[in-house]
Amino acid sequence: MSQTPLPAPPTHLDLSNIQRDILGGLPKRTETCIFFKISDDVDAFRKHLFQLIPHITTVSQVQKDQNAIKEHRRQNQPGLFPLAGLNIAFSQAGLVKLGVTDDIKDSAFTAGQLADAPNLQDVPISWDLAFKRVIHGVILVTGDSHESVDKIIQHVEALFGVHLPHATILEVLRIRGDVRPGAEKGHEHFGFNDGISQPGVQGFDKQLNPGQVAVKPGVILVGEDGDSVTGRPTWAKDGSFLVFRRLAQLVPEFNQFLADNPIVLPGLSPEQGSELLGARLVGRWKSGAPVDITPLQDDPALGNDPTRNNNFSYAGEQDSETRCPFAAHTRKTNPRDDLEQLTPPTSVDPFRIIRRAIPYGPELSKGEIAEKKTIHDRGLLFICYQSNIENGFQFIQKNWANNPAFPPPPPNPPKAIQPGFDPIIGQAAGAAARTMSGDQPGSQASQLSLPIEFVISRGGEYFFTPSISALRNTLARHAR
Ligand code: HEM
């Protein structure tokens with residue numbers, strides 16, 4: 001199967017004006033997120049921000065890097081091609097501090113993530129103190145090694161005078177994420193291949209993999225065709241809302257749960273039964289192969305093949321969870337054509353997000369494996385982009401993952417089934433007990449009790465990643 005060429009782009013996107021993490025992604029084996037406050041000398045900060053602009057990585061770098069990597073390989077150069085990236089984003093408090101008080105028309109962003117915590121069913125006691133404090137912005141630095149990232153950070157710190165008495169940013173929190181080592185590269189800490197299914201973006205992606213859908217650019221970029229909100233300030237065009245969440249993962253506890261509840265089927269060993277349960281909780285096997293295509297055994301060649309690993313839909317299965325449970329993480333967070341049976345038929349396009357997560361924390365220690373208990377903090381630095389948090393992250397978390405009645409049953413179902421919670425990220429009010437249906441491939445009536453939440457939110461913030469022209473002409477204005 002080959003990639004599907006897209007028709008000519010409907011819009012011309014100015015790729016040199018868009019920060020790269022939004023489209024294409026910052027190149028990374030490691031990423032450091034520096035959360036900061038702006039000092040009271042706002043004019044001096046603006047001056048420094050203005051000086052930072054030429055160092056910010058834009059989407060136009062994607063093509064240049066791809067060509068350079070090809071050349072590096074062609075010349076058989078040793079090691080990895082050195083890649084680096086730098087992006088910056090601001091919270092509502094940060095925009096206000098900079099005197100930018102226009103209504104950007106996203107109430108989740110304006111209120112901030114701490115105010116949104118009850119909507120998300122987050123438990124504030126689990127939040128890091130830093131995310132309960134005021135944060136004005138975040139600087140993302142990515143690269144191929146800690147050394148190369150640290151070098152960029154030193155430049156950034158020097159620029160903002162961080163070690164001088166008149167520093168214009170004050171660090172609130174610094175978190176580092178790393179791609180996992182060896183064969184676990186690209187896999188999150190529960191062991192599943194991550195970052196497979198992303199929407200294509202019309203006007204940017206020139207080719208789509210089979211099964212991949214291209215959304216209008218305005219689903220991700222403010223002010224572009226497909227942005228459902230009107231009347232936003234013109235400077236916000238070509239920016240995108242960045243949702244940051246620090247999500248701790250209880251890996252030994254998750255593994256123990258799978259070991260204690262293997263799916264029993266003729267010919268499956270208990271280990272294979274546990275693998276199958278894990279695959280049905282996520283919607284994909286650890287290799288990335290979708291259970292919808294290969295419901296009873298993993299197929300690593302399929303999982304690693306981008307021309308096949310996203311080529312499925314739930315069409316014709318809207319009343320069935322034989323292949324994939326309704327509550328499986330991937331079906332909850334992107335129900336594909338499950339919603340087309342609603343009256344009127346609903347498209348998932350406005351609810352798509354672009355994910356840029358990276359794992360944080362160490363690999364499991366011997367002690368944790370022996371004790372079957374988390375001792376060291378690890379998880380996912382979850383980052384996603386959208387033009388509208390209320391349709392994107394907030395909607396997915398609140399209306400889908402945390403909603404046991406989602407997806408709704410098809411008209412005249414043979415038997416109404418309550419799908420239950422997304423077992424990976426679904427959160428119940430008051431941390432109440434969670435269940436999901438369809439864990440057993442052969443039984444629609446099966447209900448699985450999820451004893452604890454395996455993912456715990458340690459908090460986060462909502463940011464806006466502005467275009468380069470917005471940085472130059474609005475956020476850092478008067479600073480030359
Ligand atoms: C620690 C927390 C999380 C883990 C371990 C996790 C893991 C995964 C994995 C393994 C996949 C399948 C691979 C892929 O298609 O990329 C996936 C897909 C996905 N996840 Fe998550 N995820 C987490 C948090 C979240 C959150 C907070 C959201 C949004 C609220 C989210 C939204 C999605 C979406 C939209 C997909 C793609 C589904 C599809 O298009 O088929 N995830 N995740």
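Because the structure is a prediction, the values reported are computed rather than measured.

### Let's talk about the overall build of the chain
Within the chain one finds 14 helices and 15 strands. The C-alpha atoms of the chain give a radius of gyration of 22 Å, which matches the 23 Å a tight globule of 480 residues would have. When its C-alpha atoms are laid out on the principal axes, the chain stretches across 70 × 55 × 55 Å. Evaluated residue by residue, the chain yields a buried proportion of 54% over its 480 residues. Considering only residue pairs separated by 6 or more positions, the chain has 73% of its internal contacts joining residues 24 or more positions apart. Positive and negative side-chain charges of the chain, numbering 47 and 52 respectively, have mean locations separated by a distance of 3 Å.

### Details of the UniProt feature "domain: Dyp-type peroxidase C-terminal" (unreviewed entry) in the chain
Within this structure's numbering, the places UniProt gives as "domain: Dyp-type peroxidase C-terminal" (unreviewed entry) are residues 230-401. As a span, residues 230-401 carries 27% helix and 13% strand, and end to end its C-alpha atoms are 28 Å apart.

### Some remarks on helix α1 (residues 42-52)
For α1, the full list of buried residues reads Val42, Ala44, Phe45, Arg46, His48, Leu49 and Leu52. Summarising the contacts, the buried residues of α1 are in contact with β2 (30-38), β3 (84-90), α3 (92-97), α7 (146-159), β5 (169-178) and α14 (468-475).

### Overview of the packing of aromatic side chains
Tallied over the entire structure, the rule returns 21 aromatic pairs. On the basis of an interplanar angle of 90° and a centroid distance of 6.2 Å, the ring pair of Phe36 and Phe90 is categorised as edge-to-face. Here the residue Phe36 occupies a position in strand β2, and Phe90 occupies one in strand β3, the gap between them amounting to 54 residues. You'll find Phe36 and Phe90 in the same group, each marked buried.

### Quick look at the packing of helix α8 (residues 251-260) against helix α9 (residues 270-282)
Put simply, α8 and α9 touch, their axes get as near as 8 Å, and they point 120° apart. Here α9 runs oblique to α8, going by the angle between their axes. Note that α8 runs across α9; the crossing there is right-handed. Between α8 and α9, the residues in contact are Phe254, Phe257, Leu258 and Ala259 and Ser274, Leu277, Gly278 and Leu281, respectively. Residue classes in the contact of α8 with α9 are distributed as six nonpolar, two polar and no charged.

### Considerations on the pairing of strand β9 (residues 240-249)
Among the 10 residues of β9, 10 are classified as buried, and the element is accordingly described as predominantly covered. Taking every second residue as pointing to the same face, both faces of β9 are buried, with Ser240, Leu242, Phe244, Arg246 and Ala248 on one and Phe241, Val243, Arg245, Leu247 and Gln249 on the other. In this structure, β9 lies alongside strand β15 (residues 455-465), joined through nine bridges in antiparallel fashion. Bridge pairing in β15 places Gln249 opposite Val455. Bridging between β9 and strand β12 (residues 379-386) involves eight bridges; their strand directions are antiparallel. Considered in β12, the bridge of Val243 is made with Cys384.

### Let's talk about the nonpolar core
As a rule of thumb, soluble globular proteins bury nonpolar side chains together. By size, the foremost hydrophobic cluster in this structure holds 82 residues, and its most contacted members are Phe90 and Ile139. Each of domain 1 (4-247 + 460-475) and domain 2 (250-349 + 402-455) accounts for three or more of the residues forming this core. Apart from the residues within four sequence positions on either side, Ile139 is in contact with Thr32, Cys33, Ile34, Phe36, Leu86, Asn87, Ile88, Val156, Phe160 and Ile169. Counting residues in each nonpolar core, the second largest holds 35 residues, with Val62, Phe204, Val219 and Leu381 among its members.

### What about the packing of helix α5 (residues 113-120) against helix α13 (residues 393-401)?
For the pair α5 and α13, interaxial distance at closest approach is 10 Å and the crossing angle is 30°. By the angle between their directions, the pair α5 and α13 is classed as roughly parallel. From α5, Asp116, Asn119 and Leu120 reach across to α13, where they touch Phe393, Gln394, Gln397 and Lys398. Along the lines of polarity and charge, the residues of the contact of α5 with α13 split into two nonpolar, three polar and two charged.

### Some thoughts on the site of the ligand
Near the ligand lie 26 residues; those nearest to it are Ile196, Ser197, His329, Arg336 and Arg355. Between an oxygen atom of the ligand and a main-chain N or O atom of Gly195, the distance comes to 2.8 Å. At a separation of 2.5 Å, an oxygen atom of the ligand approaches a polar side-chain atom of Ser197. Going through the elements one at a time, β9, α11 (329-333), β12 and α13 are the ones with two or more residues in the shell around the ligand.

### Remarks on the domain arrangement of the chain
Here the domain parsing of the chain yields domain 1 (4-247 + 460-475) and domain 2 (250-349 + 402-455). A straight line from the C-alpha centre of domain 1 to that of domain 2 covers 30 Å. Across the boundary between the two partners, domain 1 contributes 21 residues, which contact 29 residues of domain 2. Between domain 1 and domain 2, a total of about 1900 Å² is buried, with carbon and sulfur atoms accounting for 59% of that surface. In this assembly, domain 1 and domain 2 are joined by nine residue pairs in polar contact (both at pLDDT 80 or more). Elements supplying a minimum of two residues to the side of domain 1 that touches domain 2: α5 and β9. A breakdown of the residues in the side of domain 1 that touches domain 2 according to their chemical character gives nine nonpolar, 10 polar and two charged.

### Quick look at the layout of surface pockets
Size it by volume and the second largest pocket reaches roughly 210 Å³. Together, 17 residues line the second largest pocket, and Gly211, Val213, Arg336, Val348 and Arg352 are the ones closest to its centre. Its residues assigned to classes, the lining of the second largest pocket shows four nonpolar, eight polar and five charged.

Calculation rules
- Residues numbered from 1 in each chain as written.
- Predicted model: local features only at pLDDT ≥ 70, side-chain atom pairs only at ≥ 80, totals over all residues.
- Heavy atoms only, no water.
- Helix = DSSP H or I, 4+ residues; strand = E, 2+ residues; numbered from the N terminus.
- Rg over C-alpha atoms; globule rule 2.2 N^0.38 Å.
- Buried < 20%, exposed > 50% of the residue type's maximum accessible area, 1.4 Å probe, protein only.
- Contact = heavy atoms within 4.5 Å.
- Lys, Arg positive; Asp, Glu negative; His and termini not counted.
- Charge placed at Lys NZ, Arg CZ, Asp CG, Glu CD.
- UniProt positions renumbered as here; feature names shortened; annotations may be inferred.
- Phe/Tyr/Trp six-rings, centres within 6.5 Å; stacked < 30°, edge-to-face > 60°.
- Axes fitted to C-alpha atoms, helices over the stretch in contact; angles between N-to-C directions.
- Parallel < 35°, antiparallel > 145°, perpendicular 65-115°, else oblique.
- Left-handed = near helix turned anticlockwise from the far one by under 90°.
- Nonpolar A, V, L, I, M, F, W, Y, C, P; charged D, E, K, R; others polar.
- Pairing = 2+ DSSP bridges.
- Core = buried A, V, L, I, M, F, W, Y, C linked by side-chain atoms within 4.5 Å.
- Domains from an automatic or database assignment.
- Near = heavy atom within 4 Å.
- Polar contact = N/O pair within 3.5 Å; in protein donor to acceptor, adjacent residues only side chain to side chain.
- Buried area = accessible area lost by both parts, 1.4 Å probe.
- 1 Å grid on protein atoms, 1.4 Å probe; cavity = no way out; pocket = protein on both sides within 12 Å on 5 of 7 lines; lining within 4 Å.
- Points joined across faces, edges and corners; volume = space filled by probe spheres on them.

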